[in-house]
Amino acid sequence: MTGPRIPPAPDSGGPGDVLPGLARELDLVRRRVDTLAEVTEGLPERVEEIAGLVAKLTDALAAVTARRRPEPAPSWLLAPSDPDELRALVEELRSWLAAVFLRYPDGAQVLPECWLWHPDVVEELLWLMHAWCAAYQGAHASVGAAGDWNDRQRPGVVARLRKSVGSCSIERHQTRPGWSDVPCAPAEVPGLGHTARIVDWWAVGRDQPPPEPAGVPEAFGGGLG
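Residues numbered from 1 in each chain as written. Predicted model: local features only at pLDDT ≥ 70, side-chain atom pairs only at ≥ 80, totals over all residues. Heavy atoms only, no water.

Caption draft 1: Representation of the nonpolar core within the structure. Judged by nonpolar contacts, the single largest core of 26 residues is most densely connected at Leu 93, Trp 96, Phe 101 and Leu 125. When contributions to this core are tallied by element, the ones reaching two or more residues are helix 3 (83–99), helix 5 (119–136) and helix 6 (143–165). A total of 9 residues in this core trace back to one element, the largest contributor, which is helix 5. With residues near it in sequence (within four places) discarded, Phe 101 still touches Trp 96, Gly 107, Val 110, Leu 111, Leu 125, Leu 128, Arg 154, Val 158 and Leu 161. (Core = buried A, V, L, I, M, F, W, Y, C linked by side-chain atoms within 4.5 Å. Buried < 20%, exposed > 50% of the residue type's maximum accessible area, 1.4 Å probe, protein only. Helix = DSSP H or I, 4+ residues; strand = E, 2+ residues; numbered from the N terminus. Contact = heavy atoms within 4.5 Å.)

Structure, rendered in structure tokens:
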């Protein structure tokens, strides 16, 4: 009596069956290597080129950062008390007035001999000088800025000087009987006694009507009834 017949195990194949698969895998690897070589061809040179470009951009950025920014105009009204610094300010302004401002006929007409006695005039001329430097010589100098200086800034200063000191003279600053003296100190800020009431109102009730001023004389307030 014979048992059930067991089918033979499938042939796993010999070396001749494995080699074609390895050949195909090797060919695939070779093609991938060739593709990678094409992509990376000249890569070291490109890296060097990019590194050089980054270095140039870094230098350019450093140059722009280090570029002199427009200097703010000095203030004569808040100028330091050092006589040497004040003398330097006046000397710089004097040179600019002779070279630029007085070349304009209306500028020469409105600048009196006593201009140094008028702190507000010196203040106006200082900022006008620095506005001219920024428009013509600064890092952001431009035709537009120069046009604005000539069309708006300079005529504005000339108009204010004509109104404030157009009729003044050096004699009016002499201490003589019958002559008006220029005040030696600035005028006091008016209305400071109302500060607390205004601050309280503006802090919490600015959308409401403001408080009535305290200490108003009866002639202007109540007491008429």
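Picking up where we left off.
Caption draft 2: Summary view of the confidence of the model for the protein chain. Mean pLDDT for the protein chain: 79, with 72% of residues reaching 70 or above. Note that residues 219–225 has pLDDT below 50 and, in this model, 1 contact with residues that lie over four places away or in other chains. (pLDDT = per-residue confidence, 0-100.)

Caption draft 3: Geometry of the packing of helix 3 against helix 5. The contact between helix 3 and helix 5 brings their axes to 10 Å, and the two run at 65 degrees. Between helix 3 and helix 5, the angle is such that the two are roughly perpendicular. As helix 3 runs across helix 5, the sense of the crossing is left-handed. Contacts between helix 3 and helix 5 involve Leu 89, Glu 92, Leu 93, Trp 96 and Leu 97 on the former and, on the latter, Val 122, Leu 125, Leu 126, Leu 128, Met 129 and Trp 132. (Axes fitted to C-alpha atoms, helices over the stretch in contact; angles between N-to-C directions. Parallel < 35°, antiparallel > 145°, perpendicular 65-115°, else oblique. Left-handed = near helix turned anticlockwise from the far one by under 90°.)

Caption draft 4: Spotlight on the pattern of salt bridges. In the structure shown here, the tally under the stated rule is 5 salt bridges. The residue Glu 91 makes a salt bridge to Arg 94 at a minimum N-O spacing of 2.8 Å. In this pair, Glu 91 and Arg 94 are both assigned in helix 3, 3 residues apart and thus about one turn of the helix distant. A residue is classified by how much of its surface remains accessible, and Glu 91, at 41% relative accessible area, is partly exposed. Judged by its relative accessible area of 43%, Arg 94 is partly exposed. The residue Arg 152 makes a salt bridge to Asp 148 at a minimum N-O spacing of 2.7 Å. Taken together, the positions of Arg 152 and Asp 148, both in helix 6 and 4 residues apart, correspond to about one turn of that helix. (Salt bridge = Lys/Arg side-chain N within 4 Å of Asp/Glu carboxyl O.)

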